[in-house]
Amino acid sequence: MMSAPSATASSRVGTSSSSATKPILSRSERRKECDQRNAVRDGRRPERFPRGHRLAAVLGQAAVGVLAGGRTLADLAAIAAELSQPQLRAVRAWQNPRTRRREAASESTFQRVLSQIDAALLDQLLGQWLLAQAANPLHLCVDGKALKGTPGLHLFSAFCGLGERVVAQLAIPEKTNETPHAADAAQDVPLEGALVSAD
């Protein structure tokens, strides 16, 4: 298991607790992104989680952790623990009713949440959100790559040429002809007026 990065979360995700620093996303963009996270069903039983870490908040912290370079559950927890109170408030982290402070999700919370959500739905919602941030007209590229560290897992992805944001992807058998899967990979992407290129 790789150790958690040593840099602070603020420097890694490009935000600061200072009110003078302009956030990466506007208020309306953060609201839309939170709505996408809220659309994923929480598979946990509520009575087992009295601390009330909301699903959208845990997914938001997980997204921050991945963007900051996290690769394991321990990494995600370590990065979330470094977030400032304004940053935790931005992802709507759980607020301790006694201390009134926001608290980051723990490694065990990440494990419970991420192991029980609908991964395909989350992937689709994130792709739609990233697509909404893409430039217009859309330049879409499709290509397949073997996922490093996972023998036999081959992902065929559709991504924006500018910014390289993956907006849709699907797993296909290794050493399979990728061409027939191009339409499947981009089935949820509006292609009217878009420029599509393939390797």
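In this text, all values refer to a predicted model and were calculated from it rather than measured experimentally. Residue indices follow the written sequence of each chain, beginning from 1 at its first position. pLDDT decides what is reported in this predicted model: residues at 70 or higher carry local features, side-chain atom pairs at 80 or more are listed and counted, and totals for whole chains, interfaces and linings draw on all residues regardless. The side-chain numbers reported here are obtained from all heavy atoms of the structure, hydrogens and water having been left aside.

## Thoughts on the environment of Gly 60
Our working rule: The way it works is that DSSP assigns letters per residue, a run of H or I at least four long becomes a helix, a run of E at least two long becomes a strand, and they are numbered from the N terminus.
With respect to the element layout, Gly 60 can be found in helix α3 (residues 55-67). Put simply, Gly 60 and Arg 92 are 32 residues apart on the chain and 8.2 Å apart in space, counted from C-alpha to C-alpha.

## Concerning α3
Selection rule: Expected span, for any helix, means 1.5 Å times one less than how many residues it has. Here's how the labels work: a residue is buried when its accessible area is under 20% of the maximum for its type, exposed when over 50%, partly exposed in between, all with a 1.4 Å probe on protein chains only.
The end-to-end C-alpha distance of α3, which contains 13 residues, comes to 18 Å, matching closely the 18 Å that a straight helix rising 1.5 Å per residue would cover. The buried fraction of α3 is high, at ten of 13 residues. Buried within α3 we find Leu 55, Ala 56, Ala 57, Val 58, Leu 59, Gly 60, Gln 61, Ala 62, Val 64 and Gly 65. Where α3 terminates, the next one or two residues include Gly 69, which has phi positive at roughly 105°.

## Here's the deal with the layout of surface pockets
Short version of the rule: Computed over the protein atoms alone on a 1 Å grid, cavities are sets of points where a 1.4 Å probe fits but cannot get out and pockets are open sets with protein on both sides within 12 Å along at least five of seven lines; a residue lines them when it has an atom within 4 Å of a point. Grid points are joined across faces, edges and corners, and a volume is the space filled by probe spheres set on the points. In this classification, the charged set is Asp, Glu, Lys and Arg, the nonpolar set is Ala, Val, Leu, Ile, Met, Phe, Trp, Tyr, Cys and Pro, and all remaining amino acids, among them Gly, are polar.
Here the second largest pocket defines a volume of roughly 200 Å³. Considering the residues around the second largest pocket, the lining is formed by 15 residues, among which Asp 123, Ala 168, Gln 169, Ala 185 and Asp 188 are closest to the centre. Secondary structure elements with two or more residues in the lining of the second largest pocket: α7 (119-132), β5 (166-172) and α8 (182-185). When residues of the lining of the second largest pocket are assigned to their parent elements, the largest contribution, six residues, is made by α7. Taken together, the residues of the lining of the second largest pocket sort by class into seven nonpolar, five polar and three charged.

## Focus: the nonpolar core
Quick note on the threshold: Note on terminology: a nonpolar core comprises buried Ala, Val, Leu, Ile, Met, Phe, Trp, Tyr and Cys residues joined through side-chain atoms within 4.5 Å. Throughout, a residue-residue contact means that at least one pair of heavy atoms, one from each residue, lies within 4.5 Å.
Ranked by internal contacts, the top residues of the largest apolar core, which has 13 residues, are Leu 131, Leu 138, Leu 140, Phe 156, Ala 158, Val 167 and Val 189. Counting only elements with at least two residues in this core, the list comes to β3 (139-146), β4 (154-160) and β5. When sequence neighbours within four positions are dropped, the list of residues in contact with Leu 131 reads Leu 138, Val 167, Val 189 and Pro 190. By size, the runner-up hydrophobic cluster in this structure holds twelve residues, among which are Val 58, Ala 80, Ala 105 and Leu 122.

## Side note on helix α6 (residues 107-116)
Since the α-helix turns once every 3.6 residues, residues separated by three or four places project in the same direction. Stated formally: The arc in question is traced by the directions running from the helix axis to the C-beta atoms.
Taken residue by residue, α6 has Thr 109, Phe 110 and Val 113 as its buried positions. Taken around the axis of α6, the buried residues stretch over an arc of 100°, which confines them to a single face. Looking at the buried side of α6, the elements it contacts are α3 and α4 (73-81).

## With respect to the packing of α4 against α6
The condition that has to hold: For helices, the axis comes from a line fit to the C-alpha atoms of the stretch in contact; other axes are also lines fit to C-alpha atoms, and the angle between any two N-to-C directions lies between 0 and 180 degrees. Note that the term roughly parallel is reserved for angles under 35 degrees, roughly antiparallel for angles over 145, roughly perpendicular for angles of 65 to 115, and oblique for everything else. Working rule for handedness: look at the near helix, and if it is turned counterclockwise from the far one by less than a right angle, call the crossing left-handed; if clockwise, right-handed.
The interhelical angle for the contact between α4 and α6, taken along N-to-C directions, is 125°, at an axis separation of 8 Å. As judged from the angle between their axes, α4 and α6 are oblique. The way α4 lies across α6 gives a crossing that is right-handed. Contact residues: α4 offers Leu 73, Ala 74, Leu 76, Ala 77 and Ala 80, while α6 offers Glu 107, Phe 110, Gln 111 and Leu 114. Classifying every residue of the contact of α4 with α6 by side-chain character gives seven nonpolar, one polar and one charged.

## Remarks on the sheet that holds β5
For clarity, the threshold we go by: Paired strands are those between which DSSP finds at least two bridges.
Taken in spatial order, the four strands make up an open sheet running β5-β4-β3-β6, and their pairing is mixed. Strands at the two margins of the open sheet, each flanked by one partner only, are β5 and β6 (195-198). Pairs of neighbouring strands in the sheet enclose a mean axial angle of 20°, with direction left out of account. Where β3 meets β6, four bridges bridge the pair, whose relative direction is parallel. If you follow Val 142 over to β6, its bridge partner there is Ala 198.

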